[in-house]
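As a plain string of letters, each chain reads:
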Amino acid sequence: MEHVPHSPYLRALGARRSALHPELQTYFSAIPPGHVGIGEGVFTEAGAHRRLLRPFFRRLQPYGALYAGWAKNVPFTLRNTSVGTRTVSERTLHLPEGDWAMRDVVAPLPHGGVHEQLGEPVVFAAIFDADVKDGALELQSRRVGLQLGRVRVRIPRVLAPVIRLTERWDDATGRQSVDVRVDMPLIGRVYEYRGAFTYRITEDAA
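Not measured: the values here are computed from a predicted model.

### Here's the deal with unusual backbone geometry
Okay, so step 1: Between Glu-120 and the following residue, Pro-121, the backbone shows a cis peptide bond with an omega angle of 0°.
Okay, so step 2: On the secondary structure map, Pro-121 appears in the loop between β5 (114-118) and β6 (124-133).
Okay, so step 3: Positive phi values are uncommon outside glycine, yet Asn-73 reaches one of about 55°.
Okay, so step 4: Checked against the element boundaries, Asn-73 lands in strand β2 (residues 70-83).
Okay, so step 5: Unusually for a residue other than glycine, Asp-134 sits at a positive phi of about 50°.
Okay, so step 6: Within the secondary structure layout, Asp-134 lies in the loop between β6 and β7 (136-148).
Okay, so step 7: Given the relative accessible area of 75%, Asp-134 is considered exposed.

### Examining the nonpolar core
Okay, so step 1: Residues Leu-20, Phe-28, Phe-43, Phe-124, Leu-137, Tyr-191 and Tyr-193 are the most contacted members of the largest nonpolar core, which totals 48 residues.
Okay, so step 2: No other element matches the five residues that β6 contributes to this core.
Okay, so step 3: Once residues lying within four places of it in the same chain are set aside, the contact partners of Phe-28 are Ser-7, Tyr-9, Leu-10, Leu-20, Leu-137 and Glu-167.

### A short note on the packing of aromatic side chains
Okay, so step 1: Here the structure, examined in full by the defined rule, presents 10 aromatic pairs.
Okay, so step 2: Measuring from centroid to centroid gives 5.1 Å for Phe-43 and Tyr-193, while their planes differ by 65°, and the two rings are edge-to-face. Separated by 150 residues along the polypeptide, Phe-43 in strand β1 (residues 35-47) and Tyr-193 in strand β11 (residues 188-203) bring together distant segments of the chain. When sorted by exposure, Phe-43 lands in the same class as Tyr-193, which is buried.
Okay, so step 3: Members of the aromatic cluster, connected to one another through ring pairs, are Tyr-9, Tyr-27, Phe-28, Phe-43, Phe-76, Tyr-193, Phe-197 and Tyr-199.

### Regarding the pairing of β5
Residues in a regular strand project their side chains so that they alternate between the two faces of the sheet.
Okay, so step 1: Of the two faces of β5, the one lined by Val-114, Glu-116 and Leu-118 is fully buried and the one lined by His-115 and Gln-117 carries no buried residue.
Okay, so step 2: With five bridges joining them, strand β4 (residues 98-108) and β5 adopt antiparallel strand pairing. Note on β5: the bridge partner recorded for Ala-107 is His-115.
Okay, so step 3: Linkage of β4 to β5, two consecutive antiparallel strands, is achieved through a turn of five residues, within which Gly-112 is found at a positive phi near 100°.

The rules behind each value
- Here the residue numbers are simple positions, counted from 1 along each chain's written sequence.
- Predicted model: local features are reported for residues with pLDDT of at least 70 only, side-chain atom pairs are reported and counted for 80 or more only, and whole-chain, interface and lining totals are derived from all residues.
- Side-chain calculation: all heavy atoms of the structure are included, whereas hydrogens and water are not.
- Put simply, DSSP marks the helices as runs of H or I at least four residues long and the strands as runs of E at least two long, and each gets a number from the N terminus on.
- For every residue, the accessible area (1.4 Å probe, protein chains only) is compared with the maximum for its type, and the residue is labelled buried under 20%, exposed over 50%, or partly exposed between those bounds.
- Nine residue types can take part in a nonpolar core, namely buried Ala, Val, Leu, Ile, Met, Phe, Trp, Tyr and Cys, and a core is a set of them joined through side-chain atoms within 4.5 Å.
- In this analysis, two residues are considered to be in contact whenever any of their non-hydrogen atoms come within 4.5 Å of each other.
- A pair of Phe, Tyr and Trp rings is counted when the ring centres sit within 6.5 Å of each other, with Trp represented by its six-membered ring. The angle between the planes then sorts it: under 30 degrees is stacked, over 60 is edge-to-face, the rest tilted.
- Strands are treated as partners if at least two bridges between them are detected by DSSP.

Structure representation (structure tokens):
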């Protein structure tokens, strides 16, 4: 495979990227042209467990932003590609009621951090700070906004959800784990998903 520039995540980490577990350094590297990253695993929990919020999430589910239900032990497939300096990901949850795909695009920021756009078309956008702790990648949102058509609405910090992501490698199982939690001020946890998966880079047959 030919050499490619660093991914948005490794760019955001700078010199700290060397503290990532070696398997995560591979995972968060940019994918060479003509190749795709494929992950297969199970989310032990996924979705919105607060029933009162599900009608709102249900409006966003068709755009591939948020899953409005609450499910356990959900098989999923991950597909990562690199487009220029961006990482494009699609996570397909194989739910009892049928497959549902979550789509996001992550780009680097000039002065550190990453910018994520979620959904197709985009309905959420967030800026994250990146760090490494005990070999794991940690992201925490600094700013969150809604994108409704051509209108972008920045959510005031006092009202904005806080999104935290942790990805780590488990040497004992030989699998990568992901843990995403979304908390709202005064309300608490409103959305989450966590699980583990295997990952490989292969030629893109699409």
